[in-house]
Every structure is written in structure tokens, then in C-alpha cells.
Protein chains: 2
Amino acid sequence: MRGIEVLGVEGFPEVRTDDDINRMISGAVATDLRPRDVLVVTHKIVSKAEGRLVDLRTVEPSTLAKGYAARYGKDPRQIEVVLRESRRIVRMDRGIVITETHHGFVCANAGVDASNVPGDDTVCLLPVDPDASAARLRDALAEDPGVEVAVVISDSFGRAWRHGITDVAIGVAGMDPVADYRGQPDPHGYPMEASVLAVADELAAAAELVMGKTDGIPLAIVRGYAYSSAPGSATELLMPPDRDMFR
Amino acid sequence: MRGIEVLGVEGFPEVRTDDDINRMISGAVATDLRPRDVLVVTHKIVSKAEGRLVDLRTVEPSTLAKGYAARYGKDPRQIEVVLRESRRIVRMDRGIVITETHHGFVCANAGVDASNVPGDDTVCLLPVDPDASAARLRDALAEDPGVEVAVVISDSFGRAWRHGITDVAIGVAGMDPVADYRGQPDPHGYPMEASVLAVADELAAAAELVMGKTDGIPLAIVRGYAYSSAPGSATELLMPPDRDMFR
């Protein structure tokens, strides 16, 4: 049987601001990584190393943030951070804020998260440029241990219409994040209509299955998946505004 | 490293209406299946066996279907089938029809699909009750080859805001389709806020990576994932209407 393996990397140390995250990851995977693996990295450790933490005690909430937080029993400082990380509000109701981030991702709370962060008053933001973070990591791994891989940086997003979150790709380097089968014949010889597969999202989802949420496993190696080599960017996974029916 | 394997089952025969699909699957996986595997089955083979095929030459399009199809250069008979498979239209614009199926799934074209189906004038519907199909398959496998597994029936759905489709679970048997971490402490001891993971969807996505779209691999075995045993139902993956901000 043809297959893939998804391997969780255990024992990764706690990450602090200004840690050399690429060296830490390289050290953790050096003996295990093989050419053409996909290394999936949860964004939290990248964000922490890049100092994307906000001490809420330093945040002065806007009038909008204060009003919305008061209405739904939320922390106005956290709402303020969400608004600052956003370039457009998609929905704002029932205590929930769904926005388009400065990167173009549409998700709850602009990816601002208080879990897996030390301290009561600290929240974690998404990396400023997750594609660039992925590319730097990929370059570092090509240097040491000297292995060419693809890198996916992941986060857990909710979905419209479906309950529960799944991990998706917010940064990509070294692979085509989609597999485009449009026009190729199906096994019956008919051209396929709408088959662009978001494989980087599926790789992130597969990696989540070995990471869990409470196990402190921020890295997974996917082995055996025949991705298309390409520079790659998670922006290829964004719905173009003119095709977005749920703005 | 702790990990999972995702194994594609090759060489599965073409399925026709009234084939004994459970026996066919049992035969294909009998020597490979182990206790606590998750068997992911693409819905297409289940639908075909259950006779969920429509010959478009027998379909009389409604006025709505004719008008919409004419405006966007679509087949009015196929639009009519989509409307019949729906209990609510979510969006209908630009030639696209996004509906809520009779099962409660929100997806493009109510899951009606012309690819991987023999014949120019045939389309394939979703199974009538994918949970029941999954449960029957699970029971059949517990009988012969006598292995207790979980079963996920999958389909490829588009997503709001993101380009590309990913596989999700439309039928579940033998496992809890979500992993609910709410209230559990994160590695820093703080309770997690919004962590209900849609693990059945992640399993379907992982399986898609070995199935591909053109390879004719309709089955995958996921090994090593520690699911919670439960009767399970894909309806647990539906957003309750009162929490759905994108109806």
C-alpha cells in the first residue's frame, strides 16, 4: 500500500522571544528529517520567537472595543488587539469577531490567541509574514542539517457551517500549496470540473492529528507525500475577493 | 517519534449499483486492517453501490433551474438535481449554487457531482444517510474480517474564504468526530477557550493526500490515531443554526 507517515516531534523546548527558532527546530529534527519531507510547524512557536506577544496591560482599548467587550463579557483589551490585527471586519456578533487579517486570512479573532502562552495578560499574534518565516526555516534546514524539505506553518481556524476547528496552512515554502486537477481526465476519461485541492491545508490537518492541543508537540514531519516543488505561498489558499461569496 | 500512517488501498474495482459494497471493501482491506484503524471511504463508491446516480435524460428542469442555467451556461437538468437535493439555498450567484442538503451539509451543488461517474448524462448524489452507510460498513468489518475499526465517509467540499477544496467527513461510525479540549489546561496551565477539534474532518483530509483525484484510490487506512470510541455521527460536525453566522 502506498502511504504517508505523519510523525510528531516530541520534547520541543519552550520558546521565548528572540530565540533562534530555526536553529531550535533544526536541532529537534536533524536526525529525523529526510529529503522531500514536509515539516509542519504550529505558528505559536514562530510567533513567540518573533516576539509577536502583546502584554494586554499596555493596550488602551478603543471605544468600539470597550462597547463590544462590555456587551458580551469579553476583555476589551483583547478585542482591541483583534481589531488592530484586522483590515476588515467580516462578522461581529454574539461576542464573536471574525475578521480579515492584514495577511488576508479570514478567521476568528484575527488569530489572536491567549492559550499556550505564559501569563494571564499575554496574547499571541500571528507571525507578521508567515510565508517569509516558512522560507527562512526552509533555507536554514537546507543549510543545516542540509536537507531540502517543504515547510508549512499552521494555525487552527474555525469554518463556516461546520462545528470544530481544523488546522490550515498560514505559511508555505518549497511546495505548491494546491494541486490543480482541472481539465485532467478522471478515471472514466471525463475532464474534472472543480478539482483544486488545498493540499497544504490537508497537510496541516494531518499534522494536527499527531500534535494534539495539550501535548506540547509543535512540529510534525509528513513523509511520503509527493508535493510539487515550487516557491509556494499561503496566499494561494486565499479566495480572491471577486470570487468570495461570503465577504 | 509518535506518529500515524495513512495508507491508500489500491486496485479497488469499479463499483456498480447494487454491488455489495461492504463485502467489496472487506475483501480489499481484509489482510491489512488492524483493530482501531480508521477506514476512510470516499462517498462516491458508497453512492454508486446505493444507486445514488441520476440519469439526467430523465430530469425535467423547473423554471428556476432553466433560468439560472441559461444565464450561466450550465446544464439545467443538473441544476434541477441540485435543487432537489437541497432543503435551503445559501447562495446562488455567478453560476454557483451553495445549498444546505437534506442531511444538513452546506456545500456547492448539494454534493451532486459529474466526475468519476461513467456516462455523459449521469450525476452522482451523496448517500441518503452517510452515517448509516458508515455504521453498516463498520458492522460488516467487525463480522468479517472481524476487526473493530472506525469508519469515515468523505467528500471534497469547498470552504468560505479559502481557495481549493479539502476532504471532510460526511459519515462517521465508531468514533467521536470531534475532540473537545474545552476547559482542559494548556501546557501553561490555563484553560483553553475554543478548542473543539474536528478530527474526523482532519482524518478525511489526511486520507485525501493518499487518494488523489485521478488515481482511483477510494479507500485509505489511518493507523495510530487514538480516537475516542463512540457511536459517532457526522451531524456532530454541523454548525448549529443558532451559532451559524453565515446562513
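Position numbers for residues count from 1 along each chain, tracking the sequence in the order it is written. To label them, take the chains in the order written and letter them from A, then take the ligands in the order written and number them from 1. Reporting of local features is limited, given that this is a predicted model, to residues whose pLDDT is at least 70; pairs of side-chain atoms are given and counted only at 80 or more, and all residues count toward the totals for whole chains, interfaces and linings. Computation of side-chain values covers all heavy atoms of the structure but excludes hydrogens and water.

1. Things to note about the overall build of chain A
Note the following rule: By definition, any uninterrupted DSSP run of H or I lasting at least four residues is a helix, any uninterrupted run of E lasting at least two residues is a strand, and each is numbered from the N terminus. Our radius of gyration looks at C-alpha atoms and nothing else; its globule reference is 2.2 Å times the residue count to the power 0.38. Working definition: with a 1.4 Å probe on protein chains only, accessible area under 20% of the residue-type maximum means buried, over 50% means exposed, and in between means partly exposed. Whether two residues are in contact is decided by their heavy atoms, any of which lying within 4.5 Å being enough. Surface accessibility in these figures is a Shrake-Rupley result with a 1.4 Å probe; residues are shielded only by whichever protein chains are displayed. Just so you know, the count uses Lys and Arg for positive and Asp and Glu for negative, and it drops His and the chain ends. Taken as the charge centre is NZ of Lys, CZ of Arg, CG of Asp or CD of Glu, depending on the residue.
When you go through chain A residue by residue, the secondary structure sums to 6 helices and 12 strands. By the compact-globule yardstick of 18 Å for 247 residues, chain A fits well, its C-alpha radius of gyration being 19 Å. Each of the three principal axes of chain A carries a C-alpha extent, and together these read 55 × 45 × 25 Å. Sorting the 247 residues of chain A into buried and exposed places 58% on the buried side. Taking all contacts inside chain A whose residues are at least 6 apart in sequence as the whole, residues at least 24 apart take part in 62%. Taken as a whole, chain A presents about 9,800 Å² of accessible surface, with 47% of it coming from carbon and sulfur. For chain A, the centre of its 27 positive side-chain charges and the centre of its 38 negative side-chain charges are spaced 5 Å apart.

2. Observations concerning the interface of chain A and chain B
The following threshold applies: In short, buried area is how much 1.4 Å probe accessible area vanishes from two parts on joining, totalled over both. For this analysis, a salt bridge means a side-chain nitrogen from Lys or Arg found within 4 Å of a carboxyl oxygen belonging to Asp or Glu. Throughout this description, a polar contact denotes any pair of N or O atoms lying within 3.5 Å of each other; where both atoms belong to protein, one of them has to be capable of donating a hydrogen while the other can accept it, and for residues adjacent in sequence the pair is counted only when both atoms sit in side chains. Under the scheme applied, nonpolar residues are Ala, Val, Leu, Ile, Met, Phe, Trp, Tyr, Cys and Pro; charged residues are Asp, Glu, Lys and Arg; polar residues are all the others, including Gly.
Each partner contributes residues to the interface: chain A has 84 residues there, and chain B has 83 residues. Buried surface at the junction of chain A and chain B, summed over both partners, amounts to about 7,400 Å²; 59% is from carbon and sulfur atoms. Per-residue buried area on chain A facing chain B is highest for Trp161, Arg162 and His163 of chain A; these three make up 13% of the total on that side. Run the count over chain A and chain B and you get 4 salt bridges. One salt bridge in this structure joins aspartate 201 of chain A and arginine 159 of chain B, with 2.7 Å as the shortest N-O distance. There are 26 residue pairs in polar contact (both at pLDDT 80 or more) connecting chain A and chain B. Listed by contribution, the elements that provide at least two residues to the side of chain A that touches chain B are strand S1 (2-9), strand S4 (86-93), strand S5 (96-101), strand S9 (166-173), strand S11 (196-197) and helix H6 (199-211) of chain A. Considering every element that reaches the side of chain A that touches chain B, the biggest residue donor is H6 of chain A, with 10 residues. Residues belonging to the side of chain A that touches chain B are distributed by class as follows: 45 nonpolar, 15 polar and 24 charged.

3. Comments concerning the nonpolar core
It is characteristic of soluble globular proteins that their nonpolar side chains tend to be buried jointly. Rule in force here: By convention a nonpolar core is built from buried Ala, Val, Leu, Ile, Met, Phe, Trp, Tyr and Cys residues, the set being connected through side-chain atoms within 4.5 Å.
If you look at the biggest cluster of nonpolar residues, it comprises 126 residues, and the most contacted ones within it are Ile25 of chain A together with Ile25 and Met175 of chain B. With 16 residues, the next largest nonpolar core counts Val59, Val97, Val123 and Leu125 of chain A among its residues.

4. Brief notes about the relation of the copies chain A and chain B
Our working rule: C-alpha atoms of residues with pLDDT of at least 70 in both copies form the basis for the least-squares superposition of the copies.
It takes a turn of 180° to lay chain A on chain B, together with a shift of 0.0 Å along the axis; the resulting RMSD is 0.0 Å. Classification of the inter-copy transformation places it as that of a two-fold axis. A shared binding surface is used by both copies, with 99% of the interface residues of chain A retained as interface residues in chain B.

5. What to know about empty space enclosed by the protein
Applied cut-off: A pocket here means an open set of points on a 1 Å grid, computed over the protein atoms alone, that has protein on both sides within 12 Å along at least five of seven lines. A cavity is instead a set of points where a 1.4 Å probe fits but cannot get out; residues with an atom within 4 Å of a point line either one. Grid points are joined across faces, edges and corners, and a volume is the space filled by probe spheres set on the points.
The tally for this structure, following the rule as stated, stands at 1 cavity of 30 Å³ or more. Taken as a whole, the largest cavity spans an internal volume of roughly 320 Å³. Lining the largest cavity we find 26 residues, and of these Arg159, Thr166 and Val168 of chain A together with Arg159 and Thr166 of chain B sit closest to its centre. For the lining of the largest cavity, the elements supplying multiple residues, two or more each, are S9 and H6 of chain A together with strand S9 (166-173) and helix H6 (199-211) of chain B. Taken together, the residues of the lining of the largest cavity sort by class into 12 nonpolar, 4 polar and 10 charged.

6. Remarks on the sheet that holds strand S4 (residues 86-93) of chain B
Residue and element names in this part refer to chain B. Our working definition: A pair of strands counts as paired when DSSP detects no fewer than two bridges linking them. Axis angles are defined between N-to-C directions and span 0 to 180 degrees, where every axis is a line fitted to C-alpha atoms and, for a helix, only to the segment in contact.
Taken in spatial order, the 3 strands of this open sheet run S4-S5-S6, and their pairing is antiparallel. The open sheet has two edge strands with one neighbour each: S4 and strand S6 (106-108). For this sheet the average axis-to-axis angle between neighbouring strands, irrespective of direction, equals 25°. Where strand S5 (residues 96-101) lies against S6, 3 bridges are found, and the strand directions are antiparallel. Each residue of the ladder has a partner; that of isoleucine 98, found in S6, is alanine 108. The strands touched by helix H3 (residues 63-72) are S4 and S5; relative to S4, the strand with the most contacts, the crossing angle is about 25°. In the packing of helix H4 (residues 76-84) onto the sheet, the strands contacted are S4 and S5, and the crossing angle to S4 comes to about 130°.

7. Notes on helix H4 (residues 76-84) of chain A
In an α-helix, one turn spans 3.6 residues; hence positions three or four apart end up facing the same way. Those residues of H4 of chain A that fall on the buried side of the exposure criterion are Gln78, Ile79, Glu80, Val81, Val82 and Leu83 of chain A. At the N-terminal end of H4 of chain A, a side-chain oxygen is found 2.8 Å from the backbone nitrogen of arginine 77 of chain A, two or three residues along, and the residue is aspartate 75 of chain A.

8. Quick look at H6 of chain B
Residues and elements named next belong to chain B. Put simply, the rule reads: Any helix carries an expected span of 1.5 Å times its number of residues minus one.
Helix length check: H6, at 13 residues, gives a terminal C-alpha distance of 18 Å against a target of 18 Å (1.5 Å per residue), a fit within 8%. In terms of burial, H6 is largely enclosed, as 13 of its 13 residues are buried. Of the residues one or two after H6, glycine 212 is the one with positive phi, at around 65°.

9. Focus on the environment of aspartate 144 of chain A
Residue and element names in this part refer to chain A. Tracing the chain through its elements places aspartate 144 in the loop between helix H5 (130-143) and strand S8 (150-157). Overall, the relative accessible area of 48% leaves aspartate 144 in the partly exposed class. Taking the C-alpha atoms as reference points, aspartate 144 and glycine 8, separated by 136 residues in sequence, lie 20 Å from one another.

10. Some points on the sheet that holds S4 of chain A
Residues and elements named next belong to chain A. In space, the 3 strands of this open sheet follow the order S4-S5-S6, with antiparallel pairing throughout. Every interior strand has two partners, whereas the edge strands, S4 and strand S6 (106-108), have only one. In this sheet, neighbouring strand axes are inclined to one another by 25° on average, regardless of whether the strands run parallel or antiparallel. Examined bridge by bridge, S4 and S5 share 6 bridges and lie antiparallel to one another. Across the sheet, residue aspartate 93 finds its bridge partner in S5, namely isoleucine 96. Sitting on the sheet, helix H3 (residues 63-72) touches S4 and S5, and the angle it makes with S4 is about 25°. Strands in contact with H4 are S4 and S5; relative to S4, the strand with the most contacts, it is inclined by about 130°.

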